[in-house]
Each structure stands twice: as structure tokens, then as C-alpha cells.
Amino acid sequence: MSDTDHDFDCLVFIGRFQPPHLGHLAVINEALRHARQVIVLVGSAWQARSLRNPWRFDERQELLRSCFDEEENARLEIVPLLDALYNDDVWVRDVQRKVRQIAGHHHARLPRIGLIGASRGQSSYYLSLFPQWESVSVPLVDGISASQIRERLFRSPSSTEDYLSTGATHDLPPGVCEALRRFAGSDAHQQLMEEQKLLEQYRQAWVNAPYPPIFVTVNAVVVQSGHVLLVRRTAAPGKGLLALPGGFINPHERLLDACLRELRERVRLKVPEPVLKGSLRGQRLFDEPHRSWRGRTLAEAFYFALRPDQQLPQLKPVKGGDHARWVPLAELEPDSLFEDHFFIIQNFLGLPADFGGI
């Protein structure tokens, strides 16, 4: 098929592909029929492994490419996309920039670009953010749910085996099935099953509640001399990841008081409370619906900017608690932080949103 036979120079498909399934495949195949080039933007590309984001970008890229032949892969550009959970404008700019860099000009004219997605899917939301591009809607493949696929893969070893040997063929391309069989039993798979077990226990504790629970937490963003105060999580979920100090509020506690208590009890920060209060530079509610593994969890974060000093405040170890440390801002990476904590820090400090090139 020549370039002139295509309706579009470029079609853009945005998704998380956790994992790539037959519904995604239907959209990409339709895009290949209508466009000279297809750009697949893979969201949550630098997120730490979690039940919502089990596979890293390079793993998802390999899974996607296993679904297509050599000629089709030559027309596919699979590109990582960093989330910007609390700033749509930053995210839209990143998408526009990546598409512009890849699509370029076609025969000295502006390329014809479209945004493709499944009808009744997230594409309807994306379309409102990119009015300059035409839209192409593909019928939704019924009966496929990425969240249900993930739940069956991580519920238990027997559930994983049963699904991959029987039910997966109705949801997943053969190459993806085979790769997930290799993934099963890995250290990453074992850790995710541990987190799924904890999540089920958490859900069971609230099964008789008259309404779905909504939790309220606090987090502290404490910065001094180019360093931010973080803790290393010692247990699931997010074992081994860095996190902002914080926790649940007590029933009769104001939000700021809860945050100060967490700094005092969890990390033993050697800064007098009046100094901390005088260093408060901002606060914000972070409420992305999927931000926490527990379910609907709101986080009120407080930003403390301590006066620069050659000596960072001491942190006294807490027996049995998370390990606190001062981390240089230049060393922060989204995939090393728990849940949305990188984006909370980014919101207050204006950290750059570019990772990994295009």
C-alpha cells in the first residue's frame, strides 16, 4: 500500500496496556489500515510496579511488538509517556511534543494526524484535549477488562495458572499469553500477589460498610538545601520504594496537626514545631481516583521549605518503622517513589516532566 492510499499520515493511540489485550490489538490494527504511521503512546511509563501498573514500559513495548509482523512493526512507533496526574496542560504538551517530533512534515506539507481509540473508552476524554486532531473511533471489544485480567493474574498461583491455561485466549494475543507465562513465578509476580492478598484483606475488612470507604491521609513535603525528606517502605504495598512521610489522620485531629505528628513520630525530624510551622509554604489536596491501592484515598500534602543550611536536620531512627533519609532532588525518579508521591513533589517544586527522551 502506498502513502497516498492511507487516510492519515499518522494515527495516535494512547493507553497504559497493562497488559496489551485483544481490544488494544483491534484499535492498532485499524490504525495500521488507515495510517502510514501509527504512534502508540504508553502511559504510566515510569511508574513503580504496582497492582495497577504491573509491567514496566520496556516490558509492555516487547509485549506489543510481539503482536505484529516485521512490516507492521516498522510502521509502529511505541513511545513512553510520563503521567502528569495533577496538571493536564503538562501532559497535553508532552503528547503534542512527542507526536510533532515523530510525525514531522510529510512531503513538505503538514501531516494529517488523527487520534484513534475505542468508542466508549477513554478516547472520548482525550479527544477533548486535542481538538486540532481528527478522531477515529473503533468499536469496543466487549467482555475484556484489563483490571479483571490483572486481578486473575495476581490473586493466587492457581488463579494465574488457570487463567493462562484456559481463559486468557479470549482476552490476550498469543505472544502476550506466552510472555505472561514466563512472568508468572518471577520475584515481581510474587510481590504483586502479596499486594493482591493484602488488598483482598483490606476490602474484606470493609465489606459490611454501608458505603464504600473514603480515607483521608496527610503527607509532608519537607525540603532543605536541594534535598527532600523521604522514607524507605519496609513492607508491602510498595516494599522498598521511597515515600513521603505521612499517614492516616486520627478522628479528632486537624490535618496540619496530623502531618506534624507523623513527622515527629515516624521520622523523628529534629526541627522544632514552631520552625516547621513557620516554614510552611503551601498545601493542596491530591485526589486522583486511582492514586492509592487501598481505594478512594484523599491526601492533603503540606510543603515545608526549611532555610538552607550546610547541615541537614538529623533524623532519629524509629524502631520497626520506615527508614527516613534526605534525598537529593536530582536523584528523584518516578519509578522509585510510592503511588503518586513523585507527582506531589513535582506539584510543589515544579520538577521537569521529561524522562527518557522522546
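Each remark here, short or long, concerns the structure printed above.
Okay, so let's go over this structure. (Residues numbered from 1 in each chain as written. Predicted model: local features only at pLDDT ≥ 70, side-chain atom pairs only at ≥ 80, totals over all residues. Heavy atoms only, no water.)

1. Focus on the overall build of the chain
Piece 1. Helix and strand content of the chain: 12 helices and 12 strands.
Piece 2. Seen along its three principal axes, the alpha-carbon backbone of the chain occupies a region of about 70 × 50 × 35 Å.
Piece 3. Relative to its full complement of 358 residues, the chain shows a buried share of 48%.
Piece 4. Contacts in the chain between residues at least 24 apart in sequence constitute 71% of all its contacts with a sequence separation of at least 6. (Helix = DSSP H or I, 4+ residues; strand = E, 2+ residues; numbered from the N terminus. Buried < 20%, exposed > 50% of the residue type's maximum accessible area, 1.4 Å probe, protein only. Contact = heavy atoms within 4.5 Å.)

2. Describing the nonpolar core
For soluble globular proteins, the rule of thumb is that nonpolar side chains tend to be buried together.
Piece 1. Residues Val40 and Leu332 are the most contacted members of the largest nonpolar core, which totals 44 residues.
Piece 2. Once residues within four sequence positions are removed from consideration, valine 40 is found in contact with Phe13, Phe17, Ile28, Leu64, Leu76, Glu77, Ile78 and Val79.
Piece 3. Formed by 21 residues, the second largest nonpolar core is a distinct cluster that contains Leu229, Cys259, Leu260 and Trp326. (Core = buried A, V, L, I, M, F, W, Y, C linked by side-chain atoms within 4.5 Å.)

3. Side note on the packing of aromatic side chains
Piece 1. Going through the model one piece at a time under the given rule, you end up with 13 aromatic pairs.
Piece 2. For the pair tyrosine 202 and tryptophan 293, a centre-to-centre distance of 5.3 Å together with 55 degrees between the ring planes defines the contact as tilted. You can see tyrosine 202 sitting in helix 9 (residues 187–205) and its partner tryptophan 293 sitting in the loop between strand 10 (280–286) and strand 11 (297–305), a full 91 residues away along the chain.
Piece 3. Since its relative accessible area comes to 22%, tyrosine 202 is described here as partly exposed.
Piece 4. Members of the aromatic cluster, each reached through a chain of ring pairs, are Tyr202, Trp206, Phe215, Phe248 and Trp293.
Piece 5. The ring of phenylalanine 8 has arginine 112 lying over it, and the distance from NZ or CZ to the ring centre is 4.5 Å.
Piece 6. Here the guanidinium or amino end of arginine 233 rests over the ring plane of phenylalanine 338, the centre of that ring lying 4.2 Å away. (Phe/Tyr/Trp six-rings, centres within 6.5 Å; stacked < 30°, edge-to-face > 60°. Lys NZ or Arg CZ within 6 Å of the ring centre and 35° of its normal.)

4. Some thoughts on the side chain of arginine 60
Piece 1. If you trace the backbone, arginine 60 turns up in helix 2 (residues 57–65).
Piece 2. Although buried, arginine 60 forms no salt bridge, and the nearest oppositely charged side chain, glutamate 59, lies 6.7 Å from it.
Piece 3. One polar contact links the side chain of arginine 60 to the main-chain carbonyl oxygen of tryptophan 55, over a distance of 2.9 Å.
Piece 4. Apart from residues lying up to four places away in sequence, arginine 60 is in contact with Arg16, Phe17, Gln18, Pro20, Val42, Gly43, Ser44, Ala45 and Trp55. (Lys, Arg positive; Asp, Glu negative; His and termini not counted. Salt bridge = Lys/Arg side-chain N within 4 Å of Asp/Glu carboxyl O. Polar contact = N/O pair within 3.5 Å; in protein donor to acceptor, adjacent residues only side chain to side chain.)

5. A closer look at the sheet that holds strand 3 (residues 76–80)
Piece 1. Here five strands make up an open sheet; going across it, the order is 3-2-1-4-5 and the pairing parallel. Only two strands of the sheet have a single neighbouring strand rather than two, namely strand 3 and strand 5 (134–138). Mean inter-strand twist for the sheet, computed between neighbouring axes without regard to direction, equals 25 degrees. (Pairing = 2+ DSSP bridges. Axes fitted to C-alpha atoms, helices over the stretch in contact; angles between N-to-C directions.)

On their own, these measurements won't tell you what the molecule is for.
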